[in-house]
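Inside the fold
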Amino acid sequence: KQEVTQIPAALSVPEGENLVLNCSFTDSAIYNLQWFRQDPGKGLTSLLLIQSSQREQTSGRLNASLDKSSGRSTLYIAASQPGDSATYLCAVRRSDGGATNKLIFGTGTLLAVQP
Amino acid sequence: AAGVIQSPRHLIKEKRETATLKCYPIPRHDTVYWYQQGPGQDPQFLISFYEKMQSDKGSIPDRFSAQQFSDYHSELNMSSLELGDSALYFCASSRRDYSAYEQYFGPGTRLTVT
């Protein structure tokens, strides 16, 4: 059974700092991995999607990497801003020929960027 | 760009009542997913539909049922509501032949059972 874990559970950093969020998954047979942002009580905003054949994806100040063999992904946020404060979730989709579409979510990292 | 639409955004029901949540996927998306997120928890997959057929099933209670209609919108029907059903319910959509099945989420329906 796939389990997804995120470390740390919470993180507080001063504005301008570069930071890394970690995501680990137990079954390396994944189709893709998505990183999401969730503001309190709000919906999920997709930040980046990495396919299993890719090593990394970049969008603006965000860079996500994937090491499928070791079951790890990282989300790097450069020059953090108070507006980056939110919960960040990673989610994996299993690789099974398309029979299963569901995402399995990690436990999330609550990020607070102090002005 | 059009996004996933969910209605209602907020719903308050009493125990043992029924509730119906609606989801309108992004145009031309053929797959719809439902997730439940309890307070302080990560989203848990309930059920998905591809081309109006159930494609996968997760931890959905027997009291819940769902379907996808000919216009691809989906409805989640919840009966005999319990206090533990209070949660944020997300709908997501994707297109099978596009963008590696990337799922786009709606804003959610917050269900409160009293």
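What you see is a predicted model, and the numbers here were worked out from it, not measured in a lab.

Here's the deal with the overall build of chain B
If you tally the helices and strands in chain B, you get 0 helices and 11 strands. Traced from its N-terminal end to its C-terminal end, chain B shows the element sequence β-β-β-β-β-β-β-β-β-β-β. Since a compact globule built from 114 residues should have a radius of gyration of about 13 Å, the 13 Å found for chain B is in line with a globular shape. For chain B, the spread of C-alpha atoms along the three principal axes comes to 40 × 25 × 20 Å. Within chain B, counting contacts between residues at least 6 apart in sequence, those at least 24 apart form 53% of the total. Total accessible area computed for chain B in this model is approximately 5500 Å², and 47% of it derives from carbon and sulfur atoms.

Quick look at the sheet that holds strand β7 (residues 64-68) of chain B
Whether parallel or antiparallel, the strands of a sheet pair through hydrogen bonds between backbone atoms. Residue and element names in this part refer to chain B. Taken together, 4 strands build an open sheet; the order of strands is β1-β3-β8-β7 and the sheet is antiparallel. Since the sheet does not close on itself, it has two edges, and those belong to β1 (5-7) and β7, each with one partner. Each neighbouring strand pair of the sheet contributes to a mean axis angle of 15 degrees, computed without reference to strand direction. Sheet topology note: the strand β3 (residues 19-24)/strand β8 (residues 74-78) ladder contains 5 bridges and is antiparallel. Directly across from Leu21, in β8, lies its bridge partner Leu76.

Side note on the pattern of salt bridges
Residues and elements named next belong to chain B. The tally for this structure, following the rule as stated, stands at 6 salt bridges over all chains. In this structure, Glu75 engages Lys22 in a salt bridge whose closest nitrogen and oxygen atoms are separated by 4.0 Å. Here Glu75, found in strand β8, pairs with Lys22, found in strand β3; they are 53 residues apart in sequence, far enough to count as distant. Overall, Glu75 belongs to the buried group, its relative accessible area being 14%. In this structure Lys22 comes out as partly exposed when scored by relative accessible area, which is 30%. Between Lys52 and Glu51 there is a salt bridge, and its shortest N-O distance comes to 3.9 Å. For Glu51, a relative accessible area of 30% puts it in the partly exposed group. Linked by salt bridges that have partners in common, Arg63, Glu82 and Asp85 make up one network.

Brief notes about the sheet that holds strand β7 (residues 62-67) of chain A
Residue and element names in this part refer to chain A. Sheet architecture is open: 5 strands sit in the order β1-β3-β8-β7-β6, paired in antiparallel fashion. Taken across any chain shown, the strands that pair with only one partner, and hence form the sheet edges, are β1 (4-7) and β6 (56-59). Between one strand axis and the next, the sheet turns by 15 degrees as a mean value, whatever way the strands run. With 4 bridges connecting them, β1 and strand β3 (residues 19-25) associate as antiparallel partners. Bridge assignment links Gln6 to a residue of β3, and that residue is Cys23.

Some points on the pairing of strand β9 (residues 87-94) of chain B
Consecutive residues of a regular strand have side chains that alternate between opposite faces of the sheet. Residues and elements named next belong to chain B. Of all 8 residues that make up β9, 8 are buried, and the element is covered over most of its length. The two faces of β9 match: Ala87, Tyr89, Cys91 and Ser93 on one face and Leu88, Phe90, Ala92 and Ser94 on the other face are all buried. Pairing geometry for β9 and strand β10 (residues 104-105), over 2 bridges, is antiparallel. Directly across from Ala92, in β10, lies its bridge partner Phe105.

Some remarks on the state of the cysteines
Here a disulfide denotes a covalent bond joining the sulfur atom of one cysteine to the sulfur atom of another. Here the structure, examined in full by the defined rule, presents 2 disulfides over all chains. Across the disulfide, A:Cys23 is cross-linked to A:Cys90 (sulfur-sulfur distance 2.0 Å). Linking A:Cys23 and A:Cys90, the disulfide has an S-S dihedral of approximately 75 degrees and is accordingly described as right-handed. You can see A:Cys23 sitting in strand β3 and its partner A:Cys90 sitting in strand β9 (residues 86-94), a full 67 residues away along the chain. Accessibility assignment for this pair places A:Cys23 and A:Cys90 in one class, buried. Between B:Cys23 and B:Cys91 runs a disulfide, and the two sulfur atoms are separated by 1.7 Å. Judged by the sign of its S-S torsion, about -55 degrees, the cystine formed by B:Cys23 and B:Cys91 is left-handed. With a gap of 68 residues between them, B:Cys23 in strand β3 and B:Cys91 in strand β9 connect regions that are remote in the sequence. For B:Cys23, a relative accessible area of 0% gives the class buried.

Conventions used here
- Residues numbered from 1 in each chain as written.
- Chains lettered and ligands numbered in written order.
- Predicted model: local features only at pLDDT ≥ 70, side-chain atom pairs only at ≥ 80, totals over all residues.
- Heavy atoms only, no water.
- Helix = DSSP H or I, 4+ residues; strand = E, 2+ residues; numbered from the N terminus.
- Rg over C-alpha atoms; globule rule 2.2 N^0.38 Å.
- Contact = heavy atoms within 4.5 Å.
- Areas by Shrake-Rupley, 256 points an atom, 1.4 Å probe, with all protein chains shown as cover.
- Pairing = 2+ DSSP bridges.
- Axes fitted to C-alpha atoms, helices over the stretch in contact; angles between N-to-C directions.
- Salt bridge = Lys/Arg side-chain N within 4 Å of Asp/Glu carboxyl O.
- Buried < 20%, exposed > 50% of the residue type's maximum accessible area, 1.4 Å probe, protein only.
- Disulfide = S-S within 2.5 Å.

Such coordinate-based values are descriptive only and should not be taken to indicate function.
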